[in-house]
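Chain by chain, the residues run as shown.
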Amino acid sequence: MTFATMARWALAMALRGPAAAQAQTLDKVSFGTNWVAEAEHGGFYQAVADGTYAKYGLEVTIVPGGPQVNNRLPLLAKKIDFS
């Protein structure tokens, strides 16, 4: 998914609201981080757990990284969508 496609999709979802997003199939998105899971990043995981991302039409997979992880390679290999 390119940045322009994501921006158009985000604008469309904002204009339609969350009810319209629920009627659609969820867009699968993987988010690669450059940190390991810690309490301060809990909001990302909570949004997955409580359905906030799904409410807006996204099925998010968080791929934890760390200080030694180079997310550019999985991004180029299309293993993750965002970094």
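Engineer: How do you make sense of the overall build of the chain when you look at a structure like this?
Structural biologist: Scanning the chain for helices and strands turns up 5 helices and 2 strands. Across the chain, helices and strands are ordered from the amino to the carboxyl terminus as α-α-β-α-α-β-α. Looking at the chain as a whole, 20% of its 83 residues qualify as buried. Carbon and sulfur atoms make up 61% of the accessible area of the chain, which totals about 5,800 Å².

Engineer: Quick question: what am I supposed to make of the confidence of the model for the chain here?
Structural biologist: If pLDDT is low for a region, its predicted coordinates should not be looked at in detail. Here the chain shows a mean pLDDT of 81. Residues at 70 or above account for 77%. When pLDDT is averaged over each element of the chain, strand β2 (residues 58-63) comes out on top at 92 and helix α2 (residues 18-22) at the bottom at 53.

Engineer: Where do I start with the environment of Leu75 in this structure?
Structural biologist: Position of Leu75 relative to the elements: it lies in helix α5 (residues 72-76). In contact with Leu75, other than residues within four places in its own chain, are Ile80, Asp81, Phe82 and Ser83.

Engineer: Looking at this model, I keep getting lost on the packing of aromatic side chains. Mind explaining?
Structural biologist: Both the distance between ring centres and the angle between the ring planes are used here to describe each pair of aromatic rings. One pass over the structure, following the stated rule, counts 3 aromatic pairs. Measuring from ring centre to ring centre gives 5.5 Å for Phe31 and Phe44, while their planes differ by 45°; the resulting arrangement is tilted. In this pair, Phe31 is assigned in strand β1 (residues 27-32) and Phe44 in helix α3 (residues 42-49), connecting sequence segments 13 residues apart. Pairing Trp35 with Tyr45 gives two aromatic rings, centres 6.4 Å apart and planes at 70°, and the pair type is edge-to-face.

Engineer: Can you help me understand unusual backbone geometry in this one?
Structural biologist: With the exception of glycine, the majority of residues adopt a negative phi angle, and the majority of peptide bonds are in the trans configuration. For Lys78, which is not a glycine, the phi torsion comes out positive at approximately 60°. By the secondary structure assignment, Lys78 is in the segment after α5. The class for Lys78 is exposed, based on a relative accessible area of 73%.

Engineer: What is the right way to look at the side chain of Asn71 in this model?
Structural biologist: Assignment of secondary structure puts Asn71 in the loop between β2 and α5. Polar side-chain contacts of Asn71 include one of 3.4 Å to the side chain of Ser83. If sequence neighbours within four positions are ignored, Asn71 has contacts with Gly32, Thr33, Asn34, Ile80 and Ser83.

Engineer: Looking at this structure, I do not really get the environment of Gly65. What am I missing?
Structural biologist: With respect to the element layout, Gly65 can be found in the loop between β2 and α5. Given a relative accessible area of 10%, Gly65 falls into the buried group. Residues Gly65 and Val36, spaced 29 residues apart in sequence, show a C-alpha to C-alpha distance of 5.4 Å. The contact partners of Gly65, leaving out residues within four places of it in the chain, are Thr33, Asn34, Trp35 and Val36.

Conventions adopted
- Residues numbered from 1 in each chain as written.
- Predicted model: local features only at pLDDT ≥ 70, side-chain atom pairs only at ≥ 80, totals over all residues.
- Heavy atoms only, no water.
- Helix = DSSP H or I, 4+ residues; strand = E, 2+ residues; numbered from the N terminus.
- Buried < 20%, exposed > 50% of the residue type's maximum accessible area, 1.4 Å probe, protein only.
- Areas by Shrake-Rupley, 256 points an atom, 1.4 Å probe, with all protein chains shown as cover.
- pLDDT = per-residue confidence, 0-100.
- Contact = heavy atoms within 4.5 Å.
- Phe/Tyr/Trp six-rings, centres within 6.5 Å; stacked < 30°, edge-to-face > 60°.
- Polar contact = N/O pair within 3.5 Å; in protein donor to acceptor, adjacent residues only side chain to side chain.

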